[in-house]
Amino acid sequence: MGFRKKSKSPPVLSHEFVIQNHADMVSCVAMIVLLGLMFEMTAKFAIMFITVQYNVTETLDTEDKPEPVSYYTYGPKDMATVFFYLLIAIILHALIQEYILDKINRRLHLSKTKHSKFNESGQLATFYSFSFIWGCSILTNEEFVTNPTFLWEGYPHIHMAFQVKFFYICQIAYWFHALPELYFQKVRKEDIPRQLYYICLYIFHITGAYVLNLHRLGLVLLVPHYLVELSCHIRPGLCLSRRFTLWALLFVITRLLTLTVSVLTFGFGLSRTDNQGFSLAEGNFNVLTVRVTCLSAICLTQAWMMWKFINFQLKKWREQSQIQASKKKAVSPKSRPSKKDSRGETFLKVILYVDYNKTHVYLSFVHN
């Protein structure tokens with residue numbers, strides 16, 4: 001891990017060396033980009049990595065006087081910005097792991113399997129909580145609560161506020177950073193396919209919403225989804241505890257909400273707008289093929305998630321039924337004493353009470 005002091009250093013540029021010092025290496029790359037701001041020759045290239053690009057200023061006519069408002073679009077230079085914040089995400093990942101999660105792990109003394117799951121849940125819970133709060137703050141400034149038609153009215157939505165564009169840049173950067181983290185964190189081979197599935201799904205859907213100018217719909221769908229995922233990763237094993245039913249209820253409601261909003265947007269909203277057509281220059285992708293493809297991708301993803309959820313729940317029900325059955329077999333009813341034994345015990349008690357001096361004779365008789 002980065003920032004960790006080791007008594008014995010591995011060979012330079014070996015796998016173990018890169019894994020232990022990857023955060024320091026990435027920090028050096030980020031510092032080189034920041035140092036580029038100090039020189040006039042490199043400043044214009046460094047700004048492309050650090051600041052949000054494609055600023056557009058429009059003038060809004062108000063009652064008093066026109067006011068300039070800044071909006072943002074997207075373009076190829078955003079890849080440089082995503083790369084820089086990918087480096088920042090790797091550094092923050094190492095800091096959280098080193099100074100928070102590792103200290104908790106040392107106190108809990110978890111096994112290797114639980115240790116890996118705890119680290120994954122800790123990192124995801126931090127990201128989900130931050131993204132959920134950030135997304136809610138953006139949605140409070142939008143009109144979705146009072147007017148859901150803002151999801152498709154005025155499409156294509158080529159202009160984004162600074163917070164919206166920076167939110168998407170950070171989202172894409174984080175999920176791209178999760179790919180090299182599979183190597184840096186020494187994720188077990190059996191866990192790599194599962195993590196690759198959801199990482200690639202996040203990259204595909206978030207990037208698609210960003211490129212197709214569907215950032216309003218993407219933001220509305222991401223916020224409740226992150227809330228459900230946060231409720232699952234807020235503490236290790238929450239999905240396996242008694243609170244699992246609450247998480248299951250939120251999960252199903254979110255899936256239904258996602259399907260409803262998606263069908264409403266692609267099936268009824270965008271299909272009835274006046275601006276129909278395909279134009280890369282204008283950022284307009286409102287054609288039947290794109291709408292059907294987007295809706296199919298969302299529906300298939302939700303169906304796959306529900307399938308995994310149902311299998312997971314059935315598996316837990318089987319395990320609980322097996323545990324309960326084994327407990328019933330282990331706790332067998334007490335055997336009732338036979339008539340001979342009960343008479344012997346009563347006879348022994350009576351003799352002990354009546355004649356204490358001859359107790360040894362009757363004891364030997366009852367024993368035989």
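Conventions adopted
Residues numbered from 1 in each chain as written. Predicted model: local features only at pLDDT ≥ 70, side-chain atom pairs only at ≥ 80, totals over all residues. Heavy atoms only, no water. pLDDT = per-residue confidence, 0-100. Contact = heavy atoms within 4.5 Å. UniProt positions renumbered as here; feature names shortened; annotations may be inferred. Helix = DSSP H or I, 4+ residues; strand = E, 2+ residues; numbered from the N terminus. Axes fitted to C-alpha atoms, helices over the stretch in contact; angles between N-to-C directions. Parallel < 35°, antiparallel > 145°, perpendicular 65-115°, else oblique. Left-handed = near helix turned anticlockwise from the far one by under 90°. Nonpolar A, V, L, I, M, F, W, Y, C, P; charged D, E, K, R; others polar. Expected span 1.5 Å × (residues − 1). Bend = angle between axes of the 7 residues up to and from the residue. Buried < 20%, exposed > 50% of the residue type's maximum accessible area, 1.4 Å probe, protein only. Patch = residues over 30% accessible without salt bridge, like charges linked within 9 Å, V, L, I, M, F, W, Y side chains within 5 Å. Areas by Shrake-Rupley, 256 points an atom, 1.4 Å probe, with all protein chains shown as cover. Salt bridge = Lys/Arg side-chain N within 4 Å of Asp/Glu carboxyl O. Phe/Tyr/Trp six-rings, centres within 6.5 Å; stacked < 30°, edge-to-face > 60°. Lys NZ or Arg CZ within 6 Å of the ring centre and 35° of its normal. Core = buried A, V, L, I, M, F, W, Y, C linked by side-chain atoms within 4.5 Å.

S.K.: A description of the confidence of the model for the protein chain should follow, citing residues and the corresponding values.
M.R.: Confidence in the prediction of the protein chain, expressed as mean pLDDT, is 84, and 83% of residues score 70 or more. In the model, residues 236–241 has pLDDT below 50 throughout and makes 12 contacts with residues more than four positions away in sequence or in other chains. Ignoring residues within four places in sequence, the model shows residues 339–368, a span with pLDDT below 50, making eight contacts including any to other chains.

S.K.: Before we move on, can you summarise the UniProt feature "transmembrane region" (unreviewed entry) in the protein chain with the specific residues and values?
M.R.: Under the UniProt annotation, "transmembrane region" (unreviewed entry) lies at residues 82–101, 196–212, 246–268 and 288–307. Across residues 196–212, helical content stands at 94% and strand content at 0%; the span's end C-alpha atoms are separated by 24 Å.

S.K.: Quick rundown of the packing of helix α3 (residues 78–108) against helix α4 (residues 112–139)? Include the residues and the values.
M.R.: α4 packs onto α3 with a crossing angle of 135° between their chain directions and a minimal axis gap of 10 Å. As judged from the angle between their axes, α3 and α4 are oblique. Helix-helix and strand crossings are classified by hand; for α3 and α4 the assignment is right-handed. In this structure, α3 uses H93, I96, Q97, L101, I104, N105 and L108 to contact α4, whose residues at the interface are H115, F118, N119, G122, Q123 and T126. Counted by class, the contact of α3 with α4 contains five nonpolar, eight polar and no charged residues.

S.K.: Break down helix α5 (residues 162–184) for me, citing the residues and quoting the values.
M.R.: Counted at 1.5 Å a residue, the expected span for α5 with its 23 residues is 33 Å, and the 32 Å between its end C-alpha atoms agrees. A178 marks the point of greatest bend in α5, at about 30°, and the proline P180 comes within the next four residues. In terms of residue burial, α5 counts as a mostly covered element, since 17 of its 23 residues are buried. One or two positions beyond α5, positive phi appears at K186, with a value near 55°.

S.K.: Any details on a nonpolar patch on the surface? Residues and values, ideally.
M.R.: A cluster of nonpolar residues, L92, L95, Y99, I100, I104 and L108, forms a patch on the protein surface that exposes about 530 Å² of accessible area. Examined against the element boundaries, L95 turns out to sit in helix α3.

S.K.: I'd like to hear about the packing of α4 against helix α6 (residues 192–211), residue by residue, with values.
M.R.: Between α4 and α6, whose axes approach to 14 Å, the crossing angle comes to 15°. Accordingly, the angle class assigned to the pair α4 and α6 is roughly parallel. Between α4 and α6 lies a crossing whose hand is left-handed. The segment α4 lies against α6, with E120, L124 and Y128 engaging R194, Q195, Y198 and Y202. A breakdown of the residues in the contact of α4 with α6 according to their chemical character gives four nonpolar, one polar and two charged.

S.K.: Account for the pattern of salt bridges, naming residues and giving values.
M.R.: As enumerated under the stated definition, the model contains six salt bridges in all. A salt bridge links K316 to E319, with the nearest nitrogen and oxygen atoms 3.3 Å apart. A residue pair is termed a helical-turn pair when its members lie 3 or 4 positions apart in one helix, as K316 and E319 do in helix α9 (residues 288–330) at three residues. A single network of salt bridges, built from pairs that share partners, joins R188, E190 and D191.

S.K.: Quick rundown of the packing of aromatic side chains? Include the residues and the values.
M.R.: In the structure shown here, the tally under the stated rule is 28 aromatic pairs. When the centroid spacing of 5.3 Å and the interplanar angle of 85° are considered together, the rings of W134 and F167 count as edge-to-face. A residue pair is termed long-range when its members are at least 10 positions apart, and W134 in helix α4 and F167 in helix α5 qualify at 33 residues. Judged by relative accessible area, W134 falls into the buried class, the value being 12%. Sitting over the face of the ring of F251, R255 holds its NZ or CZ atom 4.8 Å from the ring centroid.

S.K.: Talk me through helix α1 (residues 15–35); I want residue IDs and the actual numbers.
M.R.: Under the 1.5 Å per step criterion, the end-to-end length of α1 is 29 Å for 21 residues, consistent within 8% with the ideal 30 Å. N21 marks the point of greatest bend in α1, at about 65°. Listed in full, the buried residues belonging to α1 are F17, I19, Q20, H22, A23, V26, S27, A30 and V33.

S.K.: Pulling in residues and values, what's your account of the nonpolar core?
M.R.: Membership of the largest hydrophobic core comes to 64 residues, with the highest contact counts inside it found for Y128, Y168, W175, I206, L214, Y226 and F266. Within the residue set of this core, elements represented by two or more residues are α1, α3, α4, α5, α6, α7 (215–233), α8 (244–269) and α9. Considering each element in turn, this core owes the most residues, 13 residues, to α5. Not counting chain neighbours up to four residues away, the residues in contact with L214 comprise Y155, Y168, A209, F266, L270 and C294. Counting seven residues, the second largest nonpolar core, distinct from the first, contains C232, W247, A248 and F309.

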